[in-house]
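Structure assessment
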Amino acid sequence: IKLIRPELLAMQSGRQAEIMRRRFEREARVTASLRCPHTVYLFDFGTTEQGAFYYVMELLDGISLQVLVDRFGPQPAARVRHILRQACESLEEAHRLGLVHRDIKPSNIFICKVGLRCDFAKVLDFGLVKQTSKDDVTHLTLDGFAAGTPAYMAPEVALGEEHLDGRVDLYSLGCVAYFLLTGHPVFAEATPTATALAHVQKEPLPPSQRSEIAIPESLERVVLQC
């Protein structure tokens, strides 16, 4: 169950509180509209009697990719490829509906046990989702804040470009793949701002140069293309 407590909203300015409410409701509606089995299922959303916004998702039996690498280190290429394919299914459905996730990162992708299947990927947290439709002129990002996580942020997001599409998610997914294969983010600078700018200004080292595991050339090429 995900919720925004009324006291948290009360701490915000009127505009910020309204943005949080609208963003939360949009996340719930968007997630509920997606049917891919590799997107977390959302069953209900609304407001409690105490005024807290909430939504109810399926309970996942698994761990995030962030926890996976933190605990067990870089992952075999075959496993990484299997996880990426499933994440791509989730993103493809969203992109076909004109939705951009904007916050693809290891902590937002879970691998779960579903029935007899293990390593079943689930994409979470559409809280920063953006519609690519030209008719969508709603701005739900707080002033002074870039949407996303610097270590996995596409260059056009770091530069604050307004017209984004699904390619920013593919860039971020490439960064996730890089992390899975090497145990390291593509760039890790001293500050979040420097990290975001590194995605604009620097070329990444090939993952094979930062990992002791064998990485097929074909997989490395796809990761670097992303």
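Definitions and cut-offs
- Residues numbered from 1 in each chain as written.
- Predicted model: local features only at pLDDT ≥ 70, side-chain atom pairs only at ≥ 80, totals over all residues.
- Heavy atoms only, no water.
- Helix = DSSP H or I, 4+ residues; strand = E, 2+ residues; numbered from the N terminus.
- Lys, Arg positive; Asp, Glu negative; His and termini not counted.
- Charge placed at Lys NZ, Arg CZ, Asp CG, Glu CD.
- Polar contact = N/O pair within 3.5 Å; in protein donor to acceptor, adjacent residues only side chain to side chain.
- Contact = heavy atoms within 4.5 Å.
- pLDDT = per-residue confidence, 0-100.
- Salt bridge = Lys/Arg side-chain N within 4 Å of Asp/Glu carboxyl O.
- Buried < 20%, exposed > 50% of the residue type's maximum accessible area, 1.4 Å probe, protein only.
- Pairing = 2+ DSSP bridges.
- Core = buried A, V, L, I, M, F, W, Y, C linked by side-chain atoms within 4.5 Å.

Considerations on the overall build of the chain
On a plain count of helices and strands, the chain comes out with eight helices and eight strands. In terms of its C-alpha atoms, the chain occupies a principal-axis envelope of roughly 55 × 45 × 30 Å. For the chain, the separation between the mean place of its 25 positive charges and that of its 28 negative charges on side chains is 2 Å.

Description of the side chain of Glu-58
Along the chain, Glu-58 turns up in the loop between β3 (53–57) and β4 (62–64). Separated by 2.9 Å, the side chain of Glu-58 and the backbone nitrogen of Tyr-41 make a polar contact. For Glu-58, the side chain forms a polar contact with the side chain of Lys-122, separated by 2.7 Å. In contact with Glu-58, other than residues within four places in its own chain, are Thr-39, Val-40, Tyr-41, Phe-43 and Lys-122.

Side note on the confidence of the model for the chain
In the predicted model, the chain carries a mean pLDDT of 87, and 90% of its residues have values of at least 70. Between the elements of the chain, mean pLDDT differs from a low of 63, seen in strand β8 (residues 130–131), to a high of 98, seen in helix α3 (residues 65–72). A low-confidence stretch, residues 134–145 stays under pLDDT 50, and its non-local contacts, those more than four residues away or across chains, total 15 contacts.

Some thoughts on the pattern of salt bridges
Two side chains of opposite charge can pair, provided their charged atoms sit close to one another. This model, assessed by the stated rule, comprises eight salt bridges. Between Glu-217 and Arg-221 there is a salt bridge, and its shortest N-O distance comes to 2.5 Å. Placement of both Glu-217 and Arg-221 in helix α8 (residues 217–225) is noted, with a separation of four residues, approximately one turn of the helix. What makes Arg-221 partly exposed here is its relative accessible area of 40%.

Points about the environment of Tyr-41
Note that Tyr-41 resides in the loop between α2 (14–33) and β2 (42–47). In sequence terms Tyr-41 and Gly-51 are 10 residues apart; their C-alpha atoms lie 24 Å from each other. In this structure, Tyr-41 is in contact with Arg-35, Cys-36, Met-57, Glu-58 and Lys-122, ignoring residues within four places of it in sequence.

Notes on the pairing of β2
Direction of pairing for β2 relative to β3: antiparallel, over a ladder of five bridges. Bridging across to β3, Phe-45 finds its partner in Tyr-55. A loop of five residues connects β2 with β3, the two strands running antiparallel in sequence, and Gly-51 in this loop sits at a positive phi of about 90°.

Overview of the nonpolar core
Ranked by internal contacts, the top residues of the largest apolar core, which has 42 residues, are Leu-65, Ile-104, Ile-109, Leu-173, Val-176, Leu-180 and Leu-181. The set of elements that each furnish at least two residues to this core consists of α3, α4 (77–96), β5 (99–100), β6 (109–114), α6 (167–182), α7 (192–201) and α8. Here the element with the most residues in this core is α6; it accounts for 10 residues. Apart from the residues lying within four places of it in its own chain, the contact partners of Val-176 are Leu-65, Ile-104, Lys-105, Pro-106, Ile-109 and Tyr-152.

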